[in-house]
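# A closer look at the structure
What follows is each chain in one-letter form.
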Amino acid sequence: MDIRITKNHQIANSYYNLGLEKAKRRDLTGAAEALKRALRFNKFHTDARNLLGLIYDEVGEAGAAMVQWVLSLNLQEQDNVAAEYLREVQGRRSYLEAADQATKKFNQALIYAQNDNEDLAVLLLMRMLSEFPNYIKAQLLLALLYMLHEDFTKAGRCLYQVLKVDMFNPLAQRYMAIVKENTGRAEIEKRKIKNAFSHRQMQDDDIIIPPSYRENTGWQSVLNILVGLAMGVAVIFFLVMPTNREALNVEHNQELQLYMEQLNQRSITIDDLNRRMTEAEQAKQTAEQNLENLLNDNGGVLKQYQTLIQILDAYRQKDLRTAAFLYTQMDVSVLNDETIQDTLTWLAHEMTADGWQVLQQMGDEALARQGGTASAIDYYQRSLQLKSDNPQVIYQIGLIYMSLEDTDTANQYFGDVIMNYPNSEYAAAAQNQRGY
Amino acid sequence: MLNFEEELNRFKPSLEVGDVEEAIRKEDLTDMTDLMMILLKEKKE
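## Considerations on the overall build of chain B
Of regular secondary structure, chain B possesses 3 helices and 0 strands. In sequence order, chain B lays out its α and β elements as α-α-α. Counting all 45 residues of chain B, 4% fall into the buried class.

What follows is the structure, encoded as structure tokens:
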């Protein structure tokens, strides 16, 4: 083999050893860098490539890990542990899918974060990290977002998790230094180190007092017991009792809240029942009113049915006068029953054909009677109900009003004849009556 | 103090499992030995 190739392989081996050493110390970032360099010197270094894949997998980068293992297996098909790694990852389908989902969520969260949707990014990362706490990049991003919101305690927790996996991660260390500065932790650590390493030169006049045994006298023992008792009482009074009281208060508050909820529920039920009762009362009143209308009102449905029966009965007895008179009293609009519609149609046809003439004749007869003018007007009006375009009847009503010296009403009827029936024989007579 | 925009831009998306195949195709596998062989070949020519 060419000496230069051998040299390359030696350098690659050195970097691999360095990477392995760092990986053992959980310096995963440093190890990954060393392994990448090893592969730059010798791409066939299977161990370096496989270890790099393992490191990627450890920090949550399942895709990147698979890339390295697949390449490794392509470059060395025989006796390669990468085959086992791939088999294991692909064999656990749910793991691979979950890891892929985690990667997708991280990428989405990154997009959110870079587009000023930090809150959404935090939510997504928190959910994802509860399943994959070793996902270093996600933990770092979450820590950064917490720092952006000045929540340094939570950021510290994320960074602690990162440093547990990758102990010397430079970004995590940098962020952690900032977090410590902001939480006062840095000052505490500085003081600890200072105390641990500082010492003072002893001076000539410094005195070391040796610890000596002193036997307590009887009254001192009693005093100590009393002090102990007093301290015990104080502890109970100041620490135990407030805690108990608070616990009782919490319990009582919870009970009270429960009762309040039950009370509210009952109130809602009572209100609902009251409302239903009011509605039922109103419905009852409406039904009673409807029933009363049905029974008593002249315009009621029942009354109309009675009138219809009377009309049909009059027809049966060939009493067309009564039938026509009753028909003008009937309100057919309230009779909606399908079964009687044919009867009503037939009746309307009969009345339009003959009924008006009968009523007109009844009007004429009434007019001939002494004092029958009011009845005559009534019959004529009913006749007009059945046949409104009858100038003779209109003119006749006008004459009756004229005879009653009600000139205004009479003129209205004459005017109706003149205006609406100018070609009828009663138009000229009406004009005469009005004095044209 | 941190420049958050700058820090955020340092984060790159992770490789999804669906993109593994393409990533393998794009992977540059040239190592120092390959480079040396190219240089030697050029020198000979």
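## What to know about the overall build of chain A
Secondary structure summary: chain A contains 19 helices and 0 strands in total. Per-residue burial over chain A gives 28% buried out of 436 residues. Put simply, of all contacts in chain A between residues at least 6 apart along the chain, 46% involve residues at least 24 apart.

## Topic: the nonpolar core
Residues and elements named next belong to chain A. Grouped together as the largest cluster of nonpolar side chains are 61 residues, with contacts concentrated most on Leu35, Ile55, Leu125, Leu141, Leu142 and Ala143. For this core, the element with the most residues is helix H8 (residues 136–148), which contributes 10 residues. No fewer than three residues from each of domain 1 (3–91) and domain 2 (98–193) sit in this core. The contacts of Leu35, once residues within four sequence positions are left out, are Tyr16, Gly19, Ala48, Leu51 and Leu52.

## Thoughts on the interface of chain A and chain B
Each partner contributes to the interface: chain A provides 31 residues, whereas chain B provides 20 residues. At the level of secondary structure, the elements contributing two or more residues to the side of chain A that touches chain B comprise helix H1 (3–24), helix H2 (28–41), helix H4 (62–75), helix H6 (93–114) and H8 of chain A. With 9 residues, H6 of chain A is the single largest residue contributor to the side of chain A that touches chain B. Classifying every residue of the side of chain A that touches chain B gives 18 nonpolar, 6 polar and 7 charged.

## As for helix H7 (residues 118–131) of chain A
Here H7 of chain A contains 14 residues, and its C-alpha end-to-end distance of 20 Å stays within 8% of the 20 Å for a straight helix at 1.5 Å per residue. Of the surrounding secondary structure, the elements contacted by the buried residues of H7 of chain A are H6 and H8 of chain A.

## Focus: the environment of Ser388 of chain A
Relative to the assigned elements, Ser388 of chain A resides in the loop between helix H16 (373–386) and helix H17 (391–403). For Ser388 of chain A and Trp356 of chain A, which are 32 residues apart along the polypeptide, the C-alpha to C-alpha distance reads 9.2 Å.

## Brief notes about the confidence of the model for chain B
Residues and elements named next belong to chain B. Across chain B, the average pLDDT comes to 90, with 100% of residues at 70 or higher. Here helix H3 (residues 32–44) is the element of chain B with the lowest mean pLDDT, 88, and helix H2 (residues 20–26) is the one with the highest, 92. Here the predicted complex carries an ipTM of 0.91, next to a pTM of 0.50.

## Topic: H1 of chain A
Compared with the 32 Å implied by 1.5 Å per residue over 22 residues, the 31 Å span of H1 of chain A between its first and last C-alpha is a close match. Residues of H1 of chain A that are buried: Asn8, Ala12, Tyr15, Tyr16, Gly19, Lys22 and Ala23 of chain A. Seen from one end, H1 of chain A has its buried residues packed into an arc of 125°, which puts them on one side. Of the exposed residues in H1 of chain A, those oriented more than 90 degrees away from the buried face are Ile3, Thr6, Gln10 and Lys24 of chain A. Against the buried residues of H1 of chain A lie H2 and helix H3 (46–58) of chain A together with H3 of chain B.

## Quick word on unusual backbone geometry
Excluding glycine, residues mostly have negative phi values, and the peptide bonds linking residues are mostly trans. Positive phi outside glycine occurs at Glu150 of chain A, with the angle close to 60°. Overall, the presence of 8 C-beta atoms within 10 Å leaves Glu150 of chain A in the exposed class.

## Some points on the environment of Asn411 of chain A
With respect to the helices, strands and loops of the structure, Asn411 of chain A is situated in helix H18 (residues 407–420). Along the backbone, Asn411 of chain A and Arg434 of chain A are 23 residues apart, and their C-alpha atoms lie at a distance of 6.6 Å.

## Focus on the packing of H8 of chain A against helix H10 (residues 170–183) of chain A
Residue and element names in this part refer to chain A. Relative orientation of the contacting elements H8 and H10 amounts to 25°, with a least axis distance of 11 Å. One element, H8, and the other, H10, form an angle in the roughly parallel class. Considering the relative orientation of H8 and H10, their crossing is left-handed. Here H8 contributes Leu140, Ala143, Leu144 and Met147 to the contact with H10, which in turn contributes Leu171, Ala172, Tyr175, Ile178 and Val179. Considering only residue class, the contact of H8 with H10 consists of 9 nonpolar, no polar and no charged.

Rules behind the numbers
- Residues numbered from 1 in each chain as written.
- Chains lettered and ligands numbered in written order.
- Predicted model: local features only at pLDDT ≥ 70, side-chain atom pairs only at ≥ 80, totals over all residues.
- Helix = DSSP H or I, 4+ residues; strand = E, 2+ residues; numbered from the N terminus.
- Buried ≥ 20, exposed ≤ 12 C-beta atoms within 10 Å, placed from the backbone.
- Contact = placed C-beta atoms within 7 Å.
- Core = buried A, V, L, I, M, F, W, Y, C linked by C-beta atoms within 7 Å.
- Domains from an automatic or database assignment.
- Nonpolar A, V, L, I, M, F, W, Y, C, P; charged D, E, K, R; others polar.
- Expected span 1.5 Å × (residues − 1).
- pLDDT = per-residue confidence, 0-100.
- Arc of directions from axis to C-beta.
- Axes fitted to C-alpha atoms, helices over the stretch in contact; angles between N-to-C directions.
- Parallel < 35°, antiparallel > 145°, perpendicular 65-115°, else oblique.
- Left-handed = near helix turned anticlockwise from the far one by under 90°.

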